[in-house]
Protein chains: 2
Amino acid sequence: MTKKEKFYTENQERVAAYAKALSHPARVFIMNYLSSNLDKCCYSGDMATELPIARSTLSEHLKELKKAGLIQGEINPPYIKYCINKESWDEAKHIFESFFK
Amino acid sequence: MTKKEKFYTENQERVAAYAKALSHPARVFIMNYLSSNLDKCCYSGDMATELPIARSTLSEHLKELKKAGLIQGEINPPYIKYCINKESWDEAKHIFESFFK
DNA sequence: CATTTGTTTCGTATTTTTACGAAATACTAA
DNA sequence: TTAGTATTTCGTAAAAATACGAAACAAATG
């Protein structure tokens, strides 16, 4: 197989991207935390008190999850309210379902 | 939250570990390839002809998947026959199901 | 025994991830 | 305007992931 611009399917890329977002236990923790109730939202500080990592590190993990689309943050100064992005969460769910099917 | 020996739950660690194994499109490709038929097996060389990566790189990806338990390799010289590890595959499936539930 | 074959390991380099504390930001309240 | 609060970005460092080709391996065959 010779090199190609875009080899993997859109679907394979998507599985990999969501999987990467979930590849760190802190991020799994965050998603567990937020998905316990899909309407639940929380502030970065809420989770900071529950996680054994620096606030800045938590912020980077939130950024990763946001980048993957799994969460969204609504600015509500001086807080930022985070919650699940239901569309992406659903897409991820379906993508993994069909992946394991 | 102060530092702790083991903070995350067993389940969170497991989701993260499986997700990490699936966080590269080449590995997703491999799992797609093998899971198209759960009894399907294949040789490293079979996939090498279908993937745009060096054989040694493919070998490392296979090692990652083996480490995560998702596949197993049966030595059948000079070939090594790879196939899904059904137990782990099933566990991963269930773990993701309950994660997204 | 020397070759061939399929595969992995090794040496190496580059990139990415993870992590922290300090500083910056952005808004509110005094 | 100054101080305070919640959070992120920056600078930096260390560790892990990705990738390649060359060399090593292990077994079968000539």
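Residues numbered from 1 in each chain as written. Chains lettered and ligands numbered in written order. Predicted model: local features only at pLDDT ≥ 70, side-chain atom pairs only at ≥ 80, totals over all residues. Heavy atoms only, no water.

Caption draft 1: Structural detail: the relation of the copies chain B and chain A. Superposing chain B onto chain A takes a rotation of 180° combined with a translation of 0.0 Å along the rotation axis, leaving an RMSD of 0.0 Å. Read as a symmetry element, the transformation amounts to a two-fold axis. Using C-alpha coordinates, one finds that chain B approaches the rotation axis most closely at A19 of chain B, a distance of 2.2 Å. Of the interface residues in chain B, 100% have counterparts in chain A that sit at the interface too, so the contact is made through matching surfaces. (Least-squares fit on C-alpha atoms with pLDDT ≥ 70 in both. Contact = heavy atoms within 4.5 Å.)

Caption draft 2: A look at the nonpolar core. Core analysis: the biggest nonpolar cluster contains 64 residues, and I30, M31 and L70 of chain A together with I30, M31 and L70 of chain B have the highest contact counts within it. Once residues within four sequence positions are removed from consideration, M31 of chain A is found in contact with L22, L65, L70, I71, I84 and W89 of chain A together with F99 of chain B. (Core = buried A, V, L, I, M, F, W, Y, C linked by side-chain atoms within 4.5 Å. Buried < 20%, exposed > 50% of the residue type's maximum accessible area, 1.4 Å probe, protein only.)

Caption draft 3: Quick look at the side chain of H61 of chain B. All names here are of chain B. On the secondary structure map, H61 appears in helix 4 (residues 55-67). Of the polar contacts made by the side chain of H61, one reaches the side chain of R27; its length is 3.0 Å. The contacts of H61, once residues within four sequence positions are left out, are H24, A26, R27, I30 and I53. (Helix = DSSP H or I, 4+ residues; strand = E, 2+ residues; numbered from the N terminus. Polar contact = N/O pair within 3.5 Å; in protein donor to acceptor, adjacent residues only side chain to side chain.)

Caption draft 4: Seen up close, the pattern of salt bridges. Going through the model one piece at a time under the given rule, you end up with ten salt bridges over all chains. As a salt-bridge pair, E60 of chain B and K63 of chain B come within 3.7 Å of each other at their nearest N and O atoms. Of the two residues, E60 of chain B and K63 of chain B are both situated in helix 4; the distance of three residues between them amounts to about one turn of the helix. Taking the relative accessible area as the measure of exposure, E60 of chain B reaches 47% and is therefore partly exposed. Of the residues examined, K63 of chain B reaches a relative accessible area of 51% and is grouped as exposed. Where salt bridges share partners, they join K6, E10, R14 and E91 of chain A into one cluster. (Salt bridge = Lys/Arg side-chain N within 4 Å of Asp/Glu carboxyl O.)

Caption draft 5: The arrangement of the confidence of the model for chain A in detail. With 94% of its residues at a pLDDT of 70 or more, chain A shows a mean pLDDT of 91. Taken element by element, the predicted model of chain A shows its lowest mean pLDDT in strand 1 (residues 41-43) of chain A (86) and its highest in helix 1 (residues 10-21) of chain A (98). (pLDDT = per-residue confidence, 0-100.)

Caption draft 6: Quick peek at the protein's contact with DNA strand C. Inspection of the region around DNA strand C gives 23 residues, with K20, T57 and H61 of chain A together with G45 and Y82 of chain B positioned closest. A breakdown of the atoms of DNA strand C within 4 Å of the protein gives sugar and phosphate a share of 74%. In this structure, R27 of chain A approaches DNA strand C through a side-chain N or O atom, which is 2.9 Å from a phosphate oxygen. Within the contact set of DNA strand C, a phosphate oxygen lies 2.7 Å away from a side-chain nitrogen or oxygen of H61 of chain A. (Near = heavy atom within 4 Å.)

Caption draft 7: Geometry of a negative patch on the surface. A cluster of acidic side chains, namely E87, D90 and E97 of chain A together with E87, D90 and E97 of chain B, defines a negative patch on the protein surface. Of all elements in the fold, only helix 5 (86-100) of chain A together with helix 5 (86-100) of chain B reach the threshold of two or more residues within the negative patch. Tracing the backbone through its elements, the reader meets D90 of chain A in helix 5. Judged by its relative accessible area of 37%, D90 of chain A is partly exposed. (Patch = residues over 30% accessible without salt bridge, like charges linked within 9 Å, V, L, I, M, F, W, Y side chains within 5 Å. Areas by Shrake-Rupley, 256 points an atom, 1.4 Å probe, with all protein chains shown as cover. Lys, Arg positive; Asp, Glu negative; His and termini not counted. Charge placed at Lys NZ, Arg CZ, Asp CG, Glu CD.)

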